[in-house]
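These are the residues of each chain, in order.
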Amino acid sequence: GSHAAVAEWVHALATGVGLHAELRGGHDSWDVNSLGAELDLRLAYPTWRLQLGYRFYTQTHASFYESKYTMDPSTYTYWTSDKELGDETGHLVRFNFAVVVMPADFPGGRRLLFTVQLDGAHYSYPGFILLPSRDSIFGMIGLSWEL
């Protein structure tokens, strides 16, 4: 089983400007304990939106995780080389921008948006010999309908 507690706070700084904070703690049946914290600045106006955010994540290793297996695999109840079941720390930075390319015909109607999203991530896996850290950049460009 898995259990999590989440606390969120959303605060309007001005018309169309908001701050969203989130804190999440979790524990599961493999004894993985996790903590995540997020902070986003959001701007929303009739013709465009912008979101800038940061997320921190950390977790402890699973109860059966070993950074190195030295005995015969049959002697272990569980056997894995999955880095994400070990100790882990991560940072994510997000940029999301959307602009209306086709406005709604009436209030509450459908509209078409052009969206660009960029995420930069750095994760470290202390004790995982095969991959001690990972850096990634994710990008997305697209069109979306809002109903």
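Residues numbered from 1 in each chain as written. Predicted model: local features only at pLDDT ≥ 70, side-chain atom pairs only at ≥ 80, totals over all residues. Heavy atoms only, no water.

Chemist: Just to check I follow, could you spell out the overall build of the protein for this structure?
Modeler: A count of helical and extended segments in the protein gives 0 helices and 7 strands. Starting at the N terminus, the α and β elements of the protein follow one another as β-β-β-β-β-β-β. Over its C-alpha trace the protein gives a radius of gyration of 21 Å, far above what one expects of a compact globule, namely 15 Å for 147 residues. Taken across its 147 residues, the protein has 29% of its residues classed as buried. Summarising the internal contacts of the protein: among those between residues at least 6 apart in sequence, 49% fall at separations of at least 24. A total of about 9,700 Å² of accessible surface is found on the protein, and carbon and sulfur atoms cover 61% of it. Across the protein, 10 positive and 16 negative side-chain charges occur, with their mean positions spaced 8 Å apart. (Helix = DSSP H or I, 4+ residues; strand = E, 2+ residues; numbered from the N terminus. Rg over C-alpha atoms; globule rule 2.2 N^0.38 Å. Buried < 20%, exposed > 50% of the residue type's maximum accessible area, 1.4 Å probe, protein only. Contact = heavy atoms within 4.5 Å. Areas by Shrake-Rupley, 256 points an atom, 1.4 Å probe, with all protein chains shown as cover. Lys, Arg positive; Asp, Glu negative; His and termini not counted. Charge placed at Lys NZ, Arg CZ, Asp CG, Glu CD.)

Chemist: Before we go on, may I ask you to explain the pattern of salt bridges in this structure?
Modeler: Once the charged atoms of two side chains with opposite charge are near each other, the side chains can pair. Under the counting rule described, the total for this entry stands at 5 salt bridges. We note a salt bridge from Arg42 to Asp40, for which the minimum N-O separation is 3.3 Å. Between Arg111 and Glu146 there is a salt bridge, with the nearest N and O atoms lying 2.9 Å from each other. With a gap of 35 residues between them, Arg111 in strand β6 (residues 111–124) and Glu146 in strand β7 (residues 133–146) connect regions that are remote in the sequence. Linked through salt bridges whose partners overlap, the residues forming this network are Arg49, Arg111 and Glu146. (Salt bridge = Lys/Arg side-chain N within 4 Å of Asp/Glu carboxyl O.)

Chemist: Looking at this structure, I do not really get the side chain of Gln51. What am I missing?
Modeler: One can find Gln51 in strand β4 (residues 48–59). We classify Gln51 as buried; its relative accessible area is 18%. At 3.2 Å, the side chain of Gln51 forms a polar contact with the side chain of Asp40. Those residues in contact with Gln51 that sit more than four places away from it in its chain are Asp40, Leu41, Arg42, Arg94, Phe95 and Asn96. (Polar contact = N/O pair within 3.5 Å; in protein donor to acceptor, adjacent residues only side chain to side chain.)

Chemist: Got a minute to help me understand the sheet that holds strand β2 (residues 17–28) in this structure?
Modeler: Here we have 7 strands laid out as an open sheet, ordered β1-β2-β3-β4-β5-β6-β7, and antiparallel in their pairing. Sheet topology places β1 (2–14) and β7 at the edges, where each strand pairs with a single neighbour. Averaged over all adjacent pairs, the angle separating strand axes in this sheet is 10°, with direction ignored. (Pairing = 2+ DSSP bridges. Axes fitted to C-alpha atoms, helices over the stretch in contact; angles between N-to-C directions.)

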